[in-house]
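Chain by chain, the residues run as shown.
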Amino acid sequence: MATSLKLEADPEDKNLVILQSLICLLREKNVLSRADIEELCDKVQARVANHDSDPLPCQMDGARAAATEVAQIGDYIGRKYGGKHRRSL
């Protein structure tokens, strides 16, 4: 059985709960693959790394927290639902 997901963000944040539940539901129904979730993690990390040229500016602390959360969600979903990793080209 998968371990529980530990959150660094405010666990009372309604938006975070909805987003986490949606990502899990989409993975459960095989709408999202593990590779899709890995790609999402990379996109969020890229926003942190290229904060100055980000076309959708956001607060740096929020971007870092989002990157951490997405990585944790991806790790949790990978353990719970499995699936193939993205292919390296």
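Note: the structure precedes this text.
Residues numbered from 1 in each chain as written. Predicted model: local features only at pLDDT ≥ 70, side-chain atom pairs only at ≥ 80, totals over all residues. Heavy atoms only, no water.

*Asks:* What is the right way to read the overall build of the chain from this model?
*Replies:* Along the backbone of the chain there are three helices and zero strands. Put simply, the chain runs from its N terminus to its C terminus through helices and strands in the order α-α-α. Each of the 89 residues in the chain was classed as buried or not, and the buried ones make up 25%. Considering only contacts in the chain between residues 6 or more positions apart, those separated by 24 or more positions represent 62%. Summed over all atoms, the accessible surface of the chain reaches about 6,600 Å², with 55% contributed by carbon and sulfur. (Helix = DSSP H or I, 4+ residues; strand = E, 2+ residues; numbered from the N terminus. Buried < 20%, exposed > 50% of the residue type's maximum accessible area, 1.4 Å probe, protein only. Contact = heavy atoms within 4.5 Å. Areas by Shrake-Rupley, 256 points an atom, 1.4 Å probe, with all protein chains shown as cover.)

*Asks:* Explain the packing of helix α2 (residues 34–49) against helix α3 (residues 60–81) to me, please; I cannot follow it from the model alone.
*Replies:* Helix-helix packing is described using two parameters, namely the angle between the two axes and the distance between the axes. For the pair α2 and α3, interaxial distance at closest approach is 9 Å and the crossing angle is 165 degrees. Considering the angle they form, α2 stands roughly antiparallel to α3. Crossing angle aside, the handedness with which α2 passes α3 is left-handed. Here R34, I37, L40, C41, V44, Q45 and V48 of α2 lie close against α3, whose contacting residues are M60, A63, R64, A66, A67, V70, A71, G74, I77 and G78. A per-class count over the contact of α2 with α3 returns twelve nonpolar, three polar and two charged. (Axes fitted to C-alpha atoms, helices over the stretch in contact; angles between N-to-C directions. Parallel < 35°, antiparallel > 145°, perpendicular 65-115°, else oblique. Left-handed = near helix turned anticlockwise from the far one by under 90°. Nonpolar A, V, L, I, M, F, W, Y, C, P; charged D, E, K, R; others polar.)

*Asks:* Help me understand the packing of helix α1 (residues 14–28) against α3 in this model?
*Replies:* For the pair α1 and α3, the least separation of the axes is 11 Å and the interaxial angle reads 35 degrees. In the packing of α1 onto α3, the handedness of the crossing is right-handed. Each of L16, Q20, I23, C24, R27 and E28 in α1 lies in contact with α3, whose residues at this interface are E69, I73, Y76, I77 and Y81. In terms of residue class, the contact of α1 with α3 is built from seven nonpolar, one polar and three charged.

*Asks:* I'm lost on the environment of E28 in this one. Help?
*Replies:* Within the secondary structure, E28 sits in helix α1. The spatial distance from the C-alpha of E28 to the C-alpha of I77 is 9.0 Å, given a sequence separation of 49 residues. Only 2.8 Å separates the side chain of E28 from the side chain of Y81, close enough to count as a polar contact. (Polar contact = N/O pair within 3.5 Å; in protein donor to acceptor, adjacent residues only side chain to side chain.)

*Asks:* I'm lost on the environment of V44 in this one. Help?
*Replies:* With respect to the helices and strands, the residue V44 is situated in helix α2. Here V44 falls in the buried class, since its relative accessible area comes to 15%. In this structure the C-alpha to C-alpha distance between V44 and A63, which are 19 residues apart in sequence, comes to 7.5 Å. Those residues in contact with V44, other than ones at most four positions away along the chain, are A63, A66, A67 and V70.

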